[in-house]
Amino acid sequence: RSLQGAAVRPVAEEGAPPSPAAKTAARTRAAATAAAATAAVGGGGGFDDSGFGSSRPSLSFLGDSSDDEQQSNGEASPSERQVAGSVETAGAASGSGDGSIVGGTAAVQAETSATEHEEEEQGHGDEEHLDSCRKQESLKKLKEFLTEQHGHPLLAWMHHFDRNGDGQVEVEEFVQGLREMGYPGDAEELFRQVDEDSSGLLTMGELDTWSADLWAAFKRWCGQTFASAEEMVVKLRKPPSGPSATGTQGAAADAANAVLRKRSSIVGLDADEVFTRADLIENASRLGWYGSFEPVLFESLDVTRKGKVGAAQLVWFDKERRQHLRRLNLRSNSSMTPVSGRRGSLMGGGSHHSHPRTNSVRVLQSFCAFLRQRFGSIFAAWRKVLDRDASMLLTRKELFRACSELSFHGDVAALWHALDSEDTGSAALEDLSGAEAIELAAFKKWAETYYEGPKVAFSAILRACKRRGPKNFIDRHHFAQACRKLGCPFQADFVYSLLDWENSGSLSYKDLKFMEDWHHADWLAADANPEAAKALKALLKHKFGHPVKGWRVCMDREGNGKASWKEFKHAMQRLGFHDDVAGAWLALDLHRNGFITLREIDDISFDALSHFRSWAFSAYGG
């Protein structure tokens, strides 16, 4: 028992159970101590309550708290002194010599020292973990408070903290901003907790990474798209007239747009020019903005809260424009070397001067946002202006014609590459909106499984509900009622809103007739398979050693941060993944965005890289 007290330190808190790691370390240390003592006296076997020589091993690994208190003060405990004396006496009696005596004692002392160092490091790590948890909890409560006050952390940052637009907030600005919002806690202590790098300056990335990324992306897009703050205001102003929702554009609209383009080419035309919230919502996506959240961005820009934004409020624009021009110069210089040129195409740039492959995903996002804002849904735009012949296929010629009619000013060549990345000559509805295509495919699958097709299924829907009016038409309410009665596996209200793309208020068979000849991709009617997604992640880690390497080498080969279904399918072929590919994709793309990111593969790495990206933008502009 005395040997055990010397070999093992007790837990720090009385009554607290030891952790598994502590138990394992204790067993190792006790065995090492016993072996050293046994070697010194020439004994074989374990030890008993009185000393050495017994073959019965000990099962206890906890000592006395009194011994531990003396050890913590740097003094030898009574048990340690007893062990040392026993070893020396036994060594002298056996004639083993000073070498064995010193060796056994040194082993005990070395093990004890290593144990103390190990426990000290473990305690330090526990303190760091607790400190990190406290900071995360404080940050979470702060973001909840800011969201409650302003609806979004970015708005609170712009209106109360970073009023001068330099991207950094000192402790005085932070305290004043929280005081204005009525924060009840200790603002200075909160600043110290949120300030991760202890620099004395707080950035948006430290407060909310997602908001920082949105704001940085928007500023970068502005610097790429407009030559000056004045031009930005003029181009974002709503034109006097424009193309209607049907996609037709008359002479008056042409003339208005020509005037707008002429005025936009003149930098600094009128310092009093302003744009409104409605202007930004309508025109940002038309000009190529790909990140959505236009209402939040406008409120962030409108620092005077007057409902309008002029060039004088865009104090950050000149710096962002200079950074964009500097990036262009760096790219032009690096393109002189083949390696740098290839690297640039992989990492992506997003400017209008970049390769279509680099800019394609962003243009696709802006085009989809533009169509939703203009028509309400992608399918409505598909039927009205994109696929007028109802073939459920979109050709390059049809896309370019539609973009011209709609005055979409994004990179249409890059847009077509995103839609037809396999160079098949056509694109499908799912290339624009996977969510809408999945629901329509679910309706078609149900109709073909339980009936002879959409026509017979629609007749069954008409018979399933009691209604008044024309017998071949059905409104939204009765359509949803009939689908519930028939146990339809799709979102009836959403499907109705898609099929009623003319906003007539009712459906007839002619609105479903396109489904008869629609040959959609098989994956649209598949079911999500979380186990297949889990197996895919394991295969990526096994083959590449790290999920990020697997993502970059196998899936995101163009470096745009996203992988579409077509890219995912080809990646699985290269990877040799022969499980349920469609099921794995649907399990990863839970929100039906039509693409996946590194977040779906490895959220920890995604968050780490997002923090790094936000820091790079806030500190260096990119």
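Residues numbered from 1 in each chain as written. Predicted model: local features only at pLDDT ≥ 70, side-chain atom pairs only at ≥ 80, totals over all residues. Heavy atoms only, no water.

1. Let's talk about the overall build of the protein chain
Just so we agree on the cut-off: Secondary structure elements follow DSSP: runs of H or I of four or more residues count as helices, runs of E of two or more count as strands, with numbering from the N terminus. Partly exposed residues are those whose accessible area sits between 20% and 50% of the maximum for their type, while under 20% is buried and over 50% is exposed, using a 1.4 Å probe and protein chains only. To be clear on the numbers: accessible area is Shrake-Rupley with a 1.4 Å probe, and residue cover counts the displayed protein chains and nothing else.
When helices and strands are tallied, the protein chain shows 31 helices and eight strands. By residue count, 45% of the 622 residues in the protein chain fall in the buried class. When the accessible surface of the protein chain is summed, it comes to about 31800 Å², and 52% of that surface belongs to carbon and sulfur atoms.

2. Here's the deal with the pattern of salt bridges
Heads up, the rule is: Each salt bridge in this description consists of a side-chain nitrogen of Lys or Arg and a carboxyl oxygen of Asp or Glu lying within 4 Å of one another.
One pass over the structure, following the stated rule, counts twelve salt bridges. Note that Lys510 and Asp511 form a salt bridge whose closest N and O atoms lie 3.6 Å from each other. What makes Asp511 buried here is its relative accessible area of 7%. Among the charged side chains, a network of salt bridges with common partners joins Glu502, Lys510 and Asp511.

3. What to know about the packing of aromatic side chains
Inclusion rule: Here the aromatic set is Phe, Tyr and Trp, taking the six-membered ring for Trp, and pairing holds for ring centres within 6.5 Å; pairs whose planes are under 30 degrees apart are stacked, those over 60 apart are edge-to-face, and all others are tilted. Two thresholds decide whether a charge sits over a ring: the Lys NZ or Arg CZ must be within 6 Å of the ring centre and within 35 degrees of the ring normal.
Here the structure, examined in full by the defined rule, presents 28 aromatic pairs. Residues Phe379 and Phe514 carry aromatic rings whose centres are separated by 5.3 Å and whose planes lie at 40° to one another, so their mutual orientation is tilted. Of the two residues, Phe379 is situated in helix 18 (residues 378–386) and Phe514 in the loop between helix 25 (492–499) and helix 26 (530–544); the sequence distance between them amounts to 135 residues. Each member of the pair, Phe379 together with Phe514, is buried. Every member of this aromatic cluster is reached through a ring pair, and the members are Trp215, Phe218, Trp221, Phe226, Trp289, Tyr290, Trp316 and Phe317. Over the aromatic face of Phe595 sits the side chain of Lys562, whose NZ or CZ is 5.5 Å from the ring centroid.

4. With respect to the environment of Arg383
For Arg383, the location among the structural elements is in helix 18. In this structure, the C-alpha to C-alpha distance between Arg383 and Glu502, residues 119 residues apart in sequence, is 9.0 Å.

5. What to know about the packing of helix 7 (residues 171–180) against helix 8 (residues 187–194)
What counts is decided by this rule: Axes, fitted as lines to C-alpha atoms, cover a helix only where it is in contact. Angles between the N-to-C directions of the axes lie from 0 to 180 degrees. When describing relative orientation, an angle under 35 degrees is termed roughly parallel and one over 145 degrees roughly antiparallel, while 65 to 115 degrees is termed roughly perpendicular and anything else oblique. When the near helix sits turned anticlockwise from the far one by under a right angle, the crossing is termed left-handed; a clockwise turn instead gives a right-handed crossing. Whether two residues touch is decided by their heavy atoms; if any such pair falls within 4.5 Å, the residues are in contact. Under the scheme applied, nonpolar residues are Ala, Val, Leu, Ile, Met, Phe, Trp, Tyr, Cys and Pro; charged residues are Asp, Glu, Lys and Arg; polar residues are all the others, including Gly.
At a closest axis distance of 9 Å, the pairing of helix 7 and helix 8 adopts a crossing angle of 125°. Classified by the angle between their axes, helix 7 and helix 8 sit oblique to one another. Crossing angle aside, the handedness with which helix 7 passes helix 8 is right-handed. On the side of helix 7, the interface is formed by Val171, Phe174, Val175 and Leu178, while helix 8 contributes Ala187, Glu188, Leu190 and Phe191. A per-class count over the contact of helix 7 with helix 8 returns seven nonpolar, no polar and one charged.

6. Some details on the state of the cysteines
Linking two cysteines covalently via their sulfur atoms produces the bond known as a disulfide. This is how the line gets drawn: The rule for a disulfide is simple: a pair of cysteine sulfur atoms within 2.5 Å.
Evaluation of the coordinates by the stated rule reveals zero disulfides. No disulfide involves Cys465; its nearest neighbouring cysteine sulfur is the one of Cys483, lying 9.1 Å away. In this structure Cys465 comes out as buried when scored by relative accessible area, which is 7%.

7. Some words on unusual backbone geometry
A positive phi angle, near 55°, is found at Ser407, a position not held by glycine. We note that Asn503 has phi near 55°; this positive angle belongs to a residue other than glycine. Tracing the backbone shows Asn503 in the loop between helix 25 and helix 26.

8. A word on the nonpolar core
Condition: Only buried Ala, Val, Leu, Ile, Met, Phe, Trp, Tyr and Cys residues count toward a nonpolar core, and they belong to the same one when joined by side-chain atoms within 4.5 Å.
Residues Phe367, Leu386, Leu399, Phe479, Met555 and Phe568 are the most contacted members of the largest nonpolar core, which totals 88 residues. Among residues more than four places away in sequence, those in contact with Leu399 are Phe367, Leu386, Leu394, Val412, Leu415, Trp416 and Leu419. Val169, Phe174, Cys222 and Phe226 belong to the second largest nonpolar core, which has 49 residues in total.

9. Comments concerning a nonpolar patch on the surface
Quick reminder of the rule: Residues enter patches when their relative accessible area tops 30% and they take part in no salt bridge; the joining distance is 9 Å for like charges and 5 Å for the nonpolar side chains Val, Leu, Ile, Met, Phe, Trp and Tyr.
On the surface, Phe612, Trp615 and Tyr620 cluster together to form a nonpolar patch covering roughly 400 Å² of accessible area. Positionally, Phe612 belongs in helix 31 (residues 603–620).

10. Digging into the environment of Arg552
To be explicit about the condition: Here a polar contact is taken to be a pair of N or O atoms separated by no more than 3.5 Å, where protein atoms must pair a possible hydrogen donor with a possible acceptor and residues adjacent in sequence count only if both atoms sit in side chains.
Here Arg552 is to be found in helix 27 (residues 547–555). Residues Arg552 and Leu598, spaced 46 residues apart in sequence, show a C-alpha to C-alpha distance of 9.0 Å. At a separation of 2.6 Å, a polar atom in the side chain of Arg552 contacts the main-chain carbonyl oxygen of Asp556.

11. So, a negative patch on the surface
Selection rule: In summary, the charge assignment counts Lys and Arg as positive and Asp and Glu as negative, without counting His or the chain termini. In this description, the location of a charge corresponds to atom NZ of lysine, CZ of arginine, CG of aspartate or CD of glutamate.
On the surface, a cluster of negative charge is contributed by Asp166, Glu170, Glu172, Asp186 and Glu188. Relative to the assigned elements, Asp186 resides in the loop between helix 7 and helix 8.

12. What to know about helix 29 (residues 581–588)
Counting buried residues along helix 29, eight of its eight residues qualify, which places the element largely inside the surrounding structure. Taken together, the buried positions of helix 29 are occupied by Val581, Ala582, Gly583, Ala584, Trp585, Leu586, Ala587 and Leu588. Considering only its buried residues, helix 29 is in contact with helix 22 (434–450), helix 26, strand 7 (563–564), helix 28 (565–575), strand 8 (595–596) and helix 30 (598–601).

13. Quick notes on the packing of helix 24 (residues 476–486) against helix 25
Viewed as axis vectors pointing N to C, helix 24 and helix 25 meet at an angle of 135°, and their least axial separation amounts to 9 Å. Here helix 25 runs oblique to helix 24, going by the angle between their axes. For helix 24 against helix 25, the interelement crossing comes out right-handed. Facing Arg476, Phe479, Ala480 and Cys483 of helix 24, the residues of helix 25 in contact are Ala492, Asp493, Val495, Tyr496 and Ser497.

14. With respect to the side chain of Asn283
Tracing the backbone shows Asn283 in helix 13 (residues 277–283). Overall, Asn283 belongs to the buried group, its relative accessible area being 1%. Within the structure, Asn283 has its side chain in polar contact with the side chain of Arg286 (distance 3.0 Å).

15. Focus: the confidence of the model for the protein chain
We apply this condition: Within a predicted model, pLDDT stands for the predictor's per-residue confidence, ranging from 0 to 100.
Of the residues in the protein chain, 68% have a pLDDT of 70 or more, and the chain-wide mean is 74. Counted against residues more than four places away or in other chains, residues 1–104, with its pLDDT under 50, gives 99 contacts. This stretch, residues 240–269, has a pLDDT under 50; its non-local contacts, to residues over four places away or in other chains, come to 42 contacts.

16. Regarding the environment of Ser605
Relative to the assigned elements, Ser605 resides in helix 31. When the C-alpha positions of Ser605 and Pro547 are compared, they lie 8.1 Å apart, and in sequence the two are 58 residues distant. Beyond its immediate stretch of four places on either side in the chain, Ser605 contacts His546, Val548 and Leu598.

17. Side note on helix 22
Note the threshold: Residue count minus one, scaled by 1.5 Å, sets the expected span of a helix.
Helix length check: helix 22, at 17 residues, gives a terminal C-alpha distance of 24 Å against a target of 24 Å (1.5 Å per residue), a fit within 8%. Buried residues of helix 22: Gly434, Glu436, Ala437, Ile438, Glu439, Leu440, Ala441, Phe443, Lys444, Trp446 and Ala447, and no others.

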